[in-house]
Amino acid sequence: MGKIRIGLIGLVLLLAACGPRKKVAVAAGNGGLSSDSIGMAIPSGRMAAELRSLPWIWFSGKAELKADADGNTMNLTAFFRMKRDSVIWLSISPGLGITAVRAIITRDSVKMLNFIEKYYSAYGIASLQNQTGIRLGLTELQHLLAGLPIFDSVRYHYDSSFGLWAARRQDLNNQLGLKSQGGYTSTDYSVVLQEATGRAIRARYEGRKSSNENPALWLPAVIDLVAEAQAKSTKAKLTLTDLSSAPVYQYPFSIPAHYERR
């Protein structure tokens, strides 16, 4: 595997292409909540908390990306643009103004351009989900990056034994741990597990980065993503350095005529 391909593992993680890891047990908890409601109340006797569904439409910005697979590490820069429930656009650079990979994810498809090796890939969402073994769509990916419950219409139940919230849709599970810091409550970690394949994404969040235009709109300042496959592990860490909530209307993605499809 070439260095540039190793360095782009962080991008693959963002596309939910992660390897299998140990299953995470999800127990039925007491009480419940709806992830599309305004507040998520912790049962009596525990800290009061809220996870708001942020009223965002657009996000764009820049992040430092550190990717690590099998001991091979690469430091990259990631530029991103998102429109809620519509599109995620990513551009990965190793520096010196060079774009290495560009990707665009919509509700129906995933497309990637590799400018270093001069090829492109294009998949339907269903095809990508079959390949990666974990059925996440555009909305679930956006929620994962924002540190929000990935399900919009499934009730989350509190498991007092493990101190976490859990929900499932068919054989897809989501577990959330909450934390309180700086006078607000946010998600500490999120685990997404596809029971049928044993594949999962584990995300841990730190702090918050407010948008330049509106401090009330924010994303986690640091996102750690981990995938484990047997004795091997793949990791990606994103540290946001700039965030905007201004409207974004352009998501450039043009495939050069001489690029082959892989």
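As shown above, the structure is provided for reference.
Conventions and cut-offs
- Residues take numbers from 1 onward in each chain, read along the sequence in its written order.
- Local features in this predicted model are restricted to residues whose pLDDT is 70 or higher, and side-chain atom pairs enter the listing and the counts only when it is 80 or higher, whereas totals over whole chains, interfaces and linings include all residues.
- Where side-chain values are given, they derive from all heavy atoms of the structure, hydrogens and water being excluded.
- Two aromatic rings, drawn from Phe, Tyr or Trp (for Trp, its six-membered ring), form a pair once their centres lie within 6.5 Å of each other, and the interplanar angle then sorts them: stacked below 30 degrees, edge-to-face above 60, tilted otherwise.
- Secondary structure counts use DSSP, requiring at least four H or I residues in a row for a helix and at least two E residues in a row for a strand, with both numbered from the N terminus.
- Burial classes: relative accessible area under 20% of the type maximum marks a residue as buried, over 50% as exposed, and values in between as partly exposed (1.4 Å probe, protein chains only).
- As a reminder, the over-ring test applies to NZ of lysine and CZ of arginine, requiring each to be within 6 Å of the ring centre and within 35 degrees of the ring normal.
- The rule for a salt bridge is simple: a side-chain nitrogen of Lys or Arg has to be within 4 Å of a carboxyl oxygen of Asp or Glu.

Caption draft 1: Just the packing of aromatic side chains, in detail. All told, the structure shown has 5 aromatic pairs when counted by the stated rule. Centre to centre, the rings of Trp58 and Tyr249 are 5.6 Å apart; their planes meet at 70°, and the pair counts as edge-to-face. Here Trp58 is found in strand E2 (residues 58-69), whereas its partner Tyr249 is found in the loop between strand E16 (232-244) and strand E17 (260-261), with 191 residues between them in sequence. You can call Trp58 buried: its relative accessible area is 15%. Residue class for Tyr249 comes out exposed when judged on its relative accessible area of 65%. Of note, Arg81 hangs over the ring of Trp89, and the distance from its end group to the ring centre comes to 4.6 Å. Over the ring of Trp218 we find Arg208, and its NZ or CZ is 4.0 Å from the ring centre.

Caption draft 2: Main features of unusual backbone geometry. Positive phi is not limited to glycine here, since Asp85 has a value of about 55°. Here Asp85 is to be found in the loop between strand E3 (72-83) and strand E4 (87-93). Unusually for a residue other than glycine, Lys118 sits at a positive phi of about 60°. By secondary structure assignment, the location of Lys118 is in the loop between strand E6 (109-114) and strand E7 (119-124).

Caption draft 3: Region of the structure containing the pattern of salt bridges. Applying the stated criterion across every chain, the model contains 6 salt bridges. Measuring nitrogen to oxygen at the nearest pair gives 3.1 Å for the salt bridge that ties Arg169 to Glu140. Taken together, the positions of Arg169 in strand E9 (residues 164-169) and Glu140 in helix H4 (residues 138-146) put the pair 29 residues apart, joining distant regions of the chain. Given the relative accessible area of 33%, Arg169 is considered partly exposed. On the basis of relative accessible area, Glu140 is assigned to the buried category, the value being 12%. As a salt-bridge pair, Lys179 and Asp188 come within 3.7 Å of each other at their nearest N and O atoms. The burial state of Lys179 is the same as that of Asp188; both residues are buried. Salt bridges linked by common partners bring Glu117, Glu260 and Arg262 together as one network.

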